Amino acid sequence: MQFRRQAREEDSINLTPLIDVVFLLLIFFMVSTTFTKETHLEIDLPEAVGEAASNADDPLEIIINAAGEYAVNGQSLVNNKAATLRSALNEVGAGDTSRALIITADANAPHQYVVRAMDSAGQLGFANMSITTRHPEAE
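Residues numbered from 1 in each chain as written. Predicted model: local features only at pLDDT ≥ 70, side-chain atom pairs only at ≥ 80, totals over all residues. Heavy atoms only, no water.

Section: the side chain of threonine 84
Here comes step 1: The topology assignment puts threonine 84 in helix H2 (residues 82-93).
Here comes step 2: Here threonine 84 falls in the buried class, since its relative accessible area comes to 19%.
Here comes step 3: Apart from residues no more than four positions distant in its own chain, threonine 84 is found in contact with Leu77, Val78 and Asn79. (Helix = DSSP H or I, 4+ residues; strand = E, 2+ residues; numbered from the N terminus. Buried < 20%, exposed > 50% of the residue type's maximum accessible area, 1.4 Å probe, protein only. Contact = heavy atoms within 4.5 Å.)

Quick look at the structure:
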């Protein structure tokens, strides 16, 4: 006996709804995304020309060497942590935050240590801060 084989339907997946959903998601993400333009700032730093500022009575001075080590009024600190610097400023300044504060940093000192000194002084309440500079060399 011979049985007649039924014609098999080809198994396939209809991709049309899938493509529709992908396009809808693509449109949704394109509309909801905010585009930000990254800009690079060109900074022209000023040179230190002019008259020296008037010296205040008995200012505090933070000195930062090229290795990032601190000294407050000539006394070296045991480490370069912010907590150590704050306690030294509190001790040497006797809690008087109205005194002038001068930050002197080596030209090769990492910027992180200068910012740390300014931040520590600001946290203690020092508002009269200045940074020492030198006159530019003649070209």
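Considerations on the sheet that holds strand E4 (residues 101-105)
Here comes step 1: With mixed pairing, the 5 strands of this open sheet are ordered in space as E3-E2-E1-E4-E5. Every other strand in the sheet has two partners, leaving strand E3 (75-76) and strand E5 (129-131) as the edge strands with one partner each.
Here comes step 2: Here E4 pairs with E5 via 3 bridges, running parallel. For isoleucine 103, the partnering residue across the bridge sits in E5 and is isoleucine 131. (Pairing = 2+ DSSP bridges.)

Looking at the nonpolar core
Here comes step 1: The biggest cluster of nonpolar side chains holds 17 residues, and the ones touching the most others in it are Ile62, Ile64, Tyr70, Leu85, Leu89, Leu101 and Ala117.
Here comes step 2: Looking at this core, the elements that each hand over two or more residues are strand E1 (60-64), strand E2 (70-72), H2, E4 and helix H3 (111-124).
Here comes step 3: Top contributing element to this core by residue count: H3, with 4 residues.
Here comes step 4: The residues touching isoleucine 62, leaving out its near neighbours within four places in the chain, are Tyr70, Ala71, Leu85, Leu89, Leu101, Ile102, Ile103, Thr104 and Ala117. (Core = buried A, V, L, I, M, F, W, Y, C linked by side-chain atoms within 4.5 Å.)

Description of the packing of aromatic side chains
Here comes step 1: Summed over all chains, the structure comprises 2 aromatic pairs.
Here comes step 2: Judged by centre distance (6.3 Å) and plane angle (75°), the rings of tyrosine 70 and tyrosine 113 are edge-to-face. With a gap of 43 residues between them, tyrosine 70 in strand E2 and tyrosine 113 in helix H3 connect regions that are remote in the sequence. Of the two residues, tyrosine 70 and tyrosine 113, neither departs from the other in class, the shared state being buried. (Phe/Tyr/Trp six-rings, centres within 6.5 Å; stacked < 30°, edge-to-face > 60°.)

None of the figures reported here should be taken as evidence of function without further support.
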